[in-house]
Amino acid sequence: FYFYLLEKKCEKIADRIIIISNDFKKFLNKHSLKKTHYIENWSAYDKLNKNYKNYFKKKLNPQNKFCLIYSGTIGMKHDSQIFFNILEKSSEYSGL
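Summary of the structure given here. (Residues numbered from 1 in each chain as written. Predicted model: local features only at pLDDT ≥ 70, side-chain atom pairs only at ≥ 80, totals over all residues. Heavy atoms only, no water.)

### Considerations on the pattern of salt bridges
- Overall, the coordinates contain 1 salt bridge when judged by the stated rule.
- Between Lys8 and Glu11 there is a salt bridge, with the nearest N and O atoms lying 3.0 Å from each other. Highlighted residues: Lys8 and Glu11, both in helix 1 (residues 2–13), separated by 3 residues, approximately one helical turn.
- Lys8 gets classed as partly exposed once you look at its relative accessible area, which sits at 24%.
- The class for Glu11 is buried, based on a relative accessible area of 8%. (Salt bridge = Lys/Arg side-chain N within 4 Å of Asp/Glu carboxyl O. Helix = DSSP H or I, 4+ residues; strand = E, 2+ residues; numbered from the N terminus. Buried < 20%, exposed > 50% of the residue type's maximum accessible area, 1.4 Å probe, protein only.)

Here's what the structure looks like:
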């Protein structure tokens, strides 16, 4: 609850708010939308050069096993337990 209040206070006093998904607008106060800007901070996997993708597949996963990558932010207000739950469930499958 503390982090929610802190975030709302920051939202109120901010000159500008940058969001990385338009879906985040639903979490903002309607008055904050005027000072909110969307900036995409990722690249679509299907638009990457095929040689580039293959290079990283070979470098990071040489045995071509199932690989799960999370490339987001994990902060104090996020529930990181979900990653441990995924690991526990995936350990049931052979080859992981």
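There is more to say, and it comes next.
### Some details on the environment of Ile19
- Along the polypeptide, Ile19 turns up in strand 1 (residues 17–19).
- A residue is classified by how much of its surface remains accessible, and Ile19, at 5% relative accessible area, is buried.
- Each C-alpha atom of the pair Ile19 and Ile39 lies 6.3 Å from the other, and the pair is 20 residues apart in sequence.
- Filtering out sequence-adjacent residues up to four positions away, Ile19 remains in contact with Phe24, Lys25, Leu28, Thr36, His37, Tyr38 and Ile39. (Contact = heavy atoms within 4.5 Å.)

Scope: geometric values only; no functional claims are made or implied.
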